[in-house]
Structures are given as structure tokens and as C-alpha cells.
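One letter stands for each residue in the lines below.
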Amino acid sequence: MIMRLLWHWAILVFGLYLITLITPISFDAPKDLAWAALVLILVNTFIKPLLILVSLPLVVLTLGLFLLIINAIILYTLPDFVTGFHVPNFLSAFFGSILLSLITGLFTGYEKRLSVRRVDANPHSGKVIDI
């Protein structure tokens, strides 16, 4: 569990670094990226489900596209918690959140593919069960 948390934290640090290269989002020191990733993990774990629940009618009405706005709001408010991380405007936060979602989705999918194991249900039957 700790290794998985560290893996997700490292993915977020890498993803935040990449979006600072592509978008106008910036940071002062590498430690600010590390703190920003930690705050994102905490916000996505505890606050984001509450935001989704409160805005559920909008999420359903827009067929889930409002989740992009929620992600952008979270990224836009991140400099309030991490002083060395800078998001200049909401549009940068919007595109940065889309890129961050793509990057973390790509690496999380890679992690899940690595964790799939094959178990031989009956060694004599030749049938294999994927777990």
C-alpha cells in the first residue's frame, strides 16, 4: 500500500513537471512540485468526492464533462496551499488538469497492467484464470 502511494505520488510529481513545461503553470523549486503532488493526493482523496456529490446533477447533465471543471478548480486553487506553485489563470488550470489526467491515467493504466497476475486454476486442465 505504501509502495502504491509512493508510485502515485511520483506519477503526480512527474505529471506536474510536464504540465509546467507545456502550460504557463510554474513552480519555484522542485520541493514545491513534491508538496503540490501530496496536496493533490489528499484533495483527490477527501475533498473531490464531496465536490462530485454536491455537483452530481451537473455531472449527470453534462455526461461527466463537469468533472473536467472540478479538476480545473482543484488545480486552480492549489497555489493557495502550496506557495511556490503558480497557476496564472483558470484556462491554464483547465488545460493543465486535462494533461495531468491523461498523464496519470496513462501511468496508472501501466501500473494496473503490471499488477495483473495469471493463476493456474487446475494444472492439468490447461485453463488459466486472470486476476
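The structure under discussion appears in the preceding block.
Notes on the structure follow. (Residues numbered from 1 in each chain as written. Predicted model: local features only at pLDDT ≥ 70, side-chain atom pairs only at ≥ 80, totals over all residues. Heavy atoms only, no water.)

**A few points about the packing of aromatic side chains**
According to the stated counting rule, one finds four aromatic pairs in the structure shown. Ring centres of phenylalanine 14 and phenylalanine 107 lie 5.7 Å apart, and the angle between their planes is 90°; this geometry places the pair in the edge-to-face category. Highlighted residues: phenylalanine 14 in helix 1 (residues 2-22) and phenylalanine 107 in helix 5 (residues 90-115), separated in sequence by 93 residues. What makes phenylalanine 14 partly exposed here is its relative accessible area of 38%. With a relative accessible area of 26%, phenylalanine 107 lands in the partly exposed category. Here the aromatic rings of phenylalanine 94 and phenylalanine 95 are separated by 5.7 Å at their centres, their planes lie at 70°, and the arrangement is edge-to-face. You can call phenylalanine 95 partly exposed: its relative accessible area is 43%. (Phe/Tyr/Trp six-rings, centres within 6.5 Å; stacked < 30°, edge-to-face > 60°. Helix = DSSP H or I, 4+ residues; strand = E, 2+ residues; numbered from the N terminus. Buried < 20%, exposed > 50% of the residue type's maximum accessible area, 1.4 Å probe, protein only.)

**Regarding the environment of leucine 12**
Within the secondary structure, leucine 12 is located in helix 1. Spatially, the C-alpha atoms of leucine 12 and alanine 34 are 8.4 Å apart, while their sequence positions differ by 22 residues. Setting aside its immediate chain neighbours within four residues, leucine 12 contacts Ala37, Leu40, Ile41, Leu100 and Thr104. (Contact = heavy atoms within 4.5 Å.)

**Comments concerning unusual backbone geometry**
Despite not being glycine, leucine 63 shows a phi value in the positive range, around 60°. Among the residues examined, leucine 63 registers a relative accessible area of 77% and is labelled exposed.

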